[in-house]
Amino acid sequence: MTAVNVPKLRVKPKKAKAVSPCAVEMSSLITCWASLSIDDKRCAETAKTLMLCMQKGKAPAKKRSTVNYHLARLGKQVLGK
């Protein structure tokens with residue numbers, strides 16, 4: 001059996017769909033504007049909810065997978081580099 005020459009070992013991460021944390025609030029505000037009017041005072045509470053959501057900031061970032069690090073580390077031992 002002959003050894004296979006593999007210069008780099010990598011795993012492609014799964015692509016996660018981007019989820020907006022304030023999508024529900026944005027949708028409810030747009031619906032309120034569409035059904036009433038942009039200047040209607042009844043939409044002010046919905047607008048305030050959206051503003052509070054947007055001020056919270058982004059969701060915390062997920063931890064990155066370490067599989068590529070370990071593949072590179074073990075690949076050096078397997079390939080003898």
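For the structure, see preceding data.
What comes next concerns the included structure. (Residues numbered from 1 in each chain as written. Predicted model: local features only at pLDDT ≥ 70, side-chain atom pairs only at ≥ 80, totals over all residues. Heavy atoms only, no water.)

## Overview of the overall build of the protein chain
Heads up, the condition is: Helix numbering and strand numbering both begin at the N terminus, where a helix is a DSSP run of H or I of at least 4 residues and a strand a DSSP run of E of at least 2. Here's how the labels work: a residue is buried when its accessible area is under 20% of the maximum for its type, exposed when over 50%, partly exposed in between, all with a 1.4 Å probe on protein chains only. We call two residues in contact whenever any of their non-hydrogen atoms come within 4.5 Å of each other. Only the protein chains shown count as cover for residues, and the accessible areas themselves come from Shrake-Rupley with a 1.4 Å probe.
When its secondary structure is counted, the protein chain shows three helices and zero strands. Reading the secondary structure of the protein chain in the N-to-C direction produces α-α-α. Relative to its 81 residues, the protein chain shows a buried fraction of 11%. Look at the contacts in the protein chain between residues 6 or more apart in sequence, and 60% of them connect residues 24 or more apart. Split by element, the accessible area of the protein chain, about 8000 Å² in all, is 62% carbon and sulfur.

## Side note on the state of the cysteines
What counts is decided by this rule: The criterion for a disulfide is a pair of cysteine sulfur atoms lying within 2.5 Å.
Counted by the stated rule, this structure contains two disulfides. Disulfide pairing is shown between Cys22 and Cys53; the S-S distance is 2.0 Å. Taking the torsion about the S-S bond as the criterion, the Cys22 to Cys53 disulfide, at about -95°, is left-handed. With a gap of 31 residues between them, Cys22 in the segment before helix 1 (23-35) and Cys53 in helix 2 (residues 44-56) connect regions that are remote in the sequence. Across the pair, exposure class does not vary: Cys22 and Cys53 are buried alike. With its sulfur 2.0 Å from that of its partner, Cys32 forms a disulfide with Cys43. Here the disulfide of Cys32 and Cys43 is left-handed, its torsion about the S-S bond being about -95°. One end of the pair, Cys32, is in helix 1; the other, Cys43, is in the loop between helix 1 and helix 2, and 11 residues separate them in sequence. Each of the two residues, Cys32 as well as Cys43, counts as buried. What links to what in the protein chain: the bonded cysteines, counted in sequence order, pair as 1-4, 2-3.

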